[in-house]
Amino acid sequence: MTKSIKDFLVELDTNSKLMEAYKNDPVATAKKFGLSADEVKIIADKNWDELSKRFDDKSRTIRVISY
């Protein structure tokens with residue numbers, strides 16, 4: 001299974017060891033995770049607008065959860 005930048009962001013949110021590695025060297029961590037060269041470049045360039053476009057999924061219905 002190919003890992004995407006979306007998978008990477010979800011994993012960063014749930015894996016403290018991966019987050020620590022990312023804080024120390026974001027590009028190397030992204031490469032080691034298995035992202036494509038294009039996706040690694042997004043992280044290297046700190047292109048947060050492109051990252052947001054890829055992570056946002058406007059085709060899904062927004063689900064509101066209230067407690």
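One can find the structure itself at the top, above this paragraph.
Report on the accompanying structure. (Residues numbered from 1 in each chain as written. Predicted model: local features only at pLDDT ≥ 70, side-chain atom pairs only at ≥ 80, totals over all residues. Heavy atoms only, no water.)

So, the packing of helix H1 (residues 5-14) against helix H2 (residues 16-24)
Where H1 meets H2, the axes come as close as 6 Å, and the angle between the chain directions of the two elements is 110 degrees. What the angle tells us is that H1 and H2 run roughly perpendicular. Of the residues in H2, those touching H1 at Phe 8, Glu 11, Leu 12 and Thr 14 are Ser 16, Leu 18, Met 19 and Tyr 22. For the contact of H1 with H2, the per-class residue count stands at five nonpolar, two polar and one charged. (Axes fitted to C-alpha atoms, helices over the stretch in contact; angles between N-to-C directions. Helix = DSSP H or I, 4+ residues; strand = E, 2+ residues; numbered from the N terminus. Parallel < 35°, antiparallel > 145°, perpendicular 65-115°, else oblique. Contact = heavy atoms within 4.5 Å. Nonpolar A, V, L, I, M, F, W, Y, C, P; charged D, E, K, R; others polar.)

Considerations on the packing of aromatic side chains
Scanning all chains against the criterion turns up two aromatic pairs. When the centroid spacing of 5.9 Å and the interplanar angle of 65 degrees are considered together, the rings of Phe 8 and Tyr 22 count as edge-to-face. In this pair, Phe 8 sits in helix H1 while Tyr 22 sits in helix H2, placing the two residues 14 residues apart along the sequence. When sorted by exposure, Phe 8 lands in the same class as Tyr 22, which is buried. Seen in terms of ring centroids, Phe 8 and Phe 33 are 5.1 Å apart; in terms of plane orientation they differ by 55 degrees. Their pairing is tilted. On the criterion of sequence distance, the pair formed by Phe 8 in helix H1 and Phe 33 in helix H3 (residues 26-33) is long-range, its members being 25 residues apart. Just as Phe 8 is buried, Phe 33 falls in that class too. (Phe/Tyr/Trp six-rings, centres within 6.5 Å; stacked < 30°, edge-to-face > 60°. Buried < 20%, exposed > 50% of the residue type's maximum accessible area, 1.4 Å probe, protein only.)

Quick notes on the environment of Thr 29
Following the sequence through the fold, Thr 29 ends up in helix H3. Sequence separation between Thr 29 and Val 40 is 11 residues; the distance between their C-alpha atoms is 9.2 Å.

A look at unusual backbone geometry
Phi is positive for Lys 46, which is not a glycine, with a value near 55 degrees. Here Lys 46 is to be found in the loop between helix H4 (37-44) and helix H5 (48-55).

Topic: the packing of H1 against H3
Two numbers describe how H1 lies on H3: the axes approach to 11 Å, and their chain directions differ by 115 degrees. Classed by the angle they form, the pair H1 and H3 counts as roughly perpendicular. As H1 runs across H3, the sense of the crossing is right-handed. Taking contact as the criterion, the partners of Asp 7, Phe 8 and Glu 11 in H1 are, on H3, Thr 29, Ala 30 and Phe 33. For the contact of H1 with H3, the per-class residue count stands at three nonpolar, one polar and two charged. (Left-handed = near helix turned anticlockwise from the far one by under 90°.)

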